[in-house]
Amino acid sequence: HDNSCCARDADYAFVTQQHDDFEAVFGAAPACVDAFRRLSCALLCSPRQPIWLQPVANSTVWEFAVCAEACDAFYAACRDVELPSGVRVSQLTATAFCESNSPSDVIGVRVS
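Before going into details, it helps to say that this report is about the structure given with it. Worth saying up front: this structure is predicted, and the values here are computed from it rather than measured.

1. Some details on the state of the cysteines
- Per the stated rule, a full pass over the model turns up 2 disulfides.
- One disulfide bridge connects C32 with C78, the sulfur atoms lying 1.8 Å from each other. In this structure the cystine formed by C32 and C78 twists about its S-S bond by roughly 95°; its chirality is therefore right-handed. With a gap of 46 residues between them, C32 in helix α3 (residues 30-45) and C78 in helix α5 (residues 68-78) connect regions that are remote in the sequence.
- Here C32 falls in the buried class, since its relative accessible area comes to 0%.
- The disulfide that involves C71 links it to C98, with 2.2 Å between the sulfurs.

2. Some remarks on the nonpolar core
- Ranked by size, the top nonpolar core spans 26 residues in total, and within it F26, C32, F64, F74, C78, V89 and F97 carry the most contacts.
- If you list the elements that add at least two residues to this core, you get α2 (20-26), α3, β2 (62-66), α5, α6 (94-99) and β3 (107-111).

3. A closer look at α3
- Compared with the 22 Å implied by 1.5 Å per residue over 16 residues, the 21 Å span of α3 between its first and last C-alpha is a close match.
- Along α3, the positions that sit buried rather than exposed are C32, V33, A35, F36, R37, L39, S40, C41, L43 and C45.

4. Side note on the pairing of β2
- Two elements, strand β1 (residues 53-55) and β2, share 3 bridges in a ladder whose sense is antiparallel. Directly across from Q54, in β2, lies its bridge partner E63.

5. Considerations on the packing of aromatic side chains
- With the rule as written, the count across this model stands at 2 aromatic pairs.
- Relative to F97, the ring of F74 lies with its centre 5.0 Å away and its plane at 45°, an arrangement referred to as tilted. Of the two residues, F74 sits in helix α5 while F97 sits in helix α6, which places them 23 residues apart along the sequence.
- Residue classification places F74 among the buried positions, given a relative accessible area of 2%.
- Here the aromatic cluster, defined as three or more aromatic residues joined through ring pairs, consists of F74, Y75 and F97.

6. Some words on the environment of I51
- Relative to the helices and strands, I51 is located in helix α4 (residues 49-52).
- We classify I51 as exposed; its relative accessible area is 55%.
- Sequence separation between I51 and A65 is 14 residues, and the spatial gap between their C-alpha atoms is 8.4 Å.

The rules behind the values
Residues numbered from 1 in each chain as written. Predicted model: local features only at pLDDT ≥ 70, side-chain atom pairs only at ≥ 80, totals over all residues. Heavy atoms only, no water. Disulfide = S-S within 2.5 Å. Helix = DSSP H or I, 4+ residues; strand = E, 2+ residues; numbered from the N terminus. Buried < 20%, exposed > 50% of the residue type's maximum accessible area, 1.4 Å probe, protein only. Core = buried A, V, L, I, M, F, W, Y, C linked by side-chain atoms within 4.5 Å. Expected span 1.5 Å × (residues − 1). Pairing = 2+ DSSP bridges. Phe/Tyr/Trp six-rings, centres within 6.5 Å; stacked < 30°, edge-to-face > 60°.

In short, the description is geometric, and any link to function would need to be established separately.
What follows is the structure, encoded as structure tokens:
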């Protein structure tokens, strides 16, 4: 949290309050939940946020750019989880998994 404007308690509060559904699905994989928390923290708290969070033209949606390396780490942490649809994360590509797990209805994830 040295490079963040959020405290650890604030990070955790955001994840538990705003992402109960995510934790219900991925809670059996603590590394996955932690990876999601780190992505959420970067989205909300990083002083470098303007670099990777940009508005989408003519839309109310914002695009959250995630580098392929961060997406691969998120995917690796979650790959053994079974989604509510019955599909295992490992059946998806890393990019498909990352882009389908947006932290908000108004934020789309794009792997770059």
